[in-house]
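This is what each chain is made of:
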Amino acid sequence: MDVQVVNCMTCEEFVRVFGNVVERCPLIAAALWSRRPFSSTLELENGFNEFIDSLSIEGKEGILRCHPDLAGRELLAGTLTVESRGEQGQAGLTSLSSADALRMNQLNSQYKEQFGFPFVICARMSDKDRILQQLESRVRNQQLQELQCDIEEVKSICRLRLQDIYNRAAKSTKL
Ligand SMILES: NC(=O)N[C@H]1NC(=O)NC1=O
């Protein structure tokens, strides 16, 4: 996608296209719209990262709480966002054995009880074995260390979602 196209978007268009780059946090896209013009699409990606980094601990925790559990209730209920459904599918979480699904749910609950926010990992850069292994080891981390770890995963999710948007735009002339 040409950055000029991005720079010409109304706020509504911008939020429609980039509103779920951070899961269920369209406010971040609405805030970034004010930073136009962007000199490159990389600058837009950096904008998302800087915005997230600039948040207070409560703000960062708020972002994490907008993320659905991996292989959780929302996957079963079919209420995930399109992006999250695709990511969880690519990581193989839509076809877990019942033993793996049970283990993941137990670890997700334990993690949430421990830290007060959900475990987040960039599912597309992982698979079910690595996710289970990460859940098992990260639940032993310190609170702040874990908050930062989750936030870095959110940034990886954002980067891949932005790439998807650019790739889709390259295939189509209209956004
Ligand atoms: N909890 C969690 O990590 N959720 C996510 N990860 C990902 O890649 N997509 C999500 O929705």
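Residues numbered from 1 in each chain as written. Predicted model: local features only at pLDDT ≥ 70, side-chain atom pairs only at ≥ 80, totals over all residues. Heavy atoms only, no water.

Participant: Mind showing me how you'd approach the site of the ligand here?
Facilitator: Taken together, Pro68, Leu70, Ser84, Glu87, Phe119, Val120, Ile121, Cys122, Ala123 and Ile157 make up all the residues around the ligand. Take Pro68: an N or O atom from its main chain is 2.8 Å from a nitrogen atom of the ligand. Within the backbone of Ala123, an N or O atom sits 2.8 Å from an oxygen atom of the ligand. Look at the ligand: alone it shows 290 Å² of surface, and the protein chains cover 100% of it. Comparing atom positions with the cavity grids shows the ligand to sit within the largest cavity. Grouping the amino acids of the shell around the ligand by side-chain chemistry returns eight nonpolar, one polar and one charged. (Near = heavy atom within 4 Å. Polar contact = N/O pair within 3.5 Å; in protein donor to acceptor, adjacent residues only side chain to side chain. Areas by Shrake-Rupley, 256 points an atom, 1.4 Å probe, with all protein chains shown as cover. 1 Å grid on protein atoms, 1.4 Å probe; cavity = no way out; pocket = protein on both sides within 12 Å on 5 of 7 lines; lining within 4 Å. Sits in = over half its atoms within 2 Å of the grid points. Nonpolar A, V, L, I, M, F, W, Y, C, P; charged D, E, K, R; others polar.)

Participant: Whenever I open this one, the layout of surface pockets confuses me. Can you help?
Facilitator: To locate leftover empty space, one rolls a probe as large as a water molecule over the atoms. Here the second largest pocket is characterised by a volume of approximately 270 Å³. In this structure, the second largest pocket is lined by 13 residues; those nearest its centre are Asp69, Gly72, Arg73, Glu74 and Lys112. Of all the secondary-structure elements, those providing two or more residues to the lining of the second largest pocket are helix 6 (73-77) and helix 8 (98-115). Looking at the lining of the second largest pocket, the element that brings in the most residues is helix 8, giving three residues. Within the lining of the second largest pocket, the residues separate by chemical class into three nonpolar, four polar and six charged. (Points joined across faces, edges and corners; volume = space filled by probe spheres on them. Helix = DSSP H or I, 4+ residues; strand = E, 2+ residues; numbered from the N terminus.)

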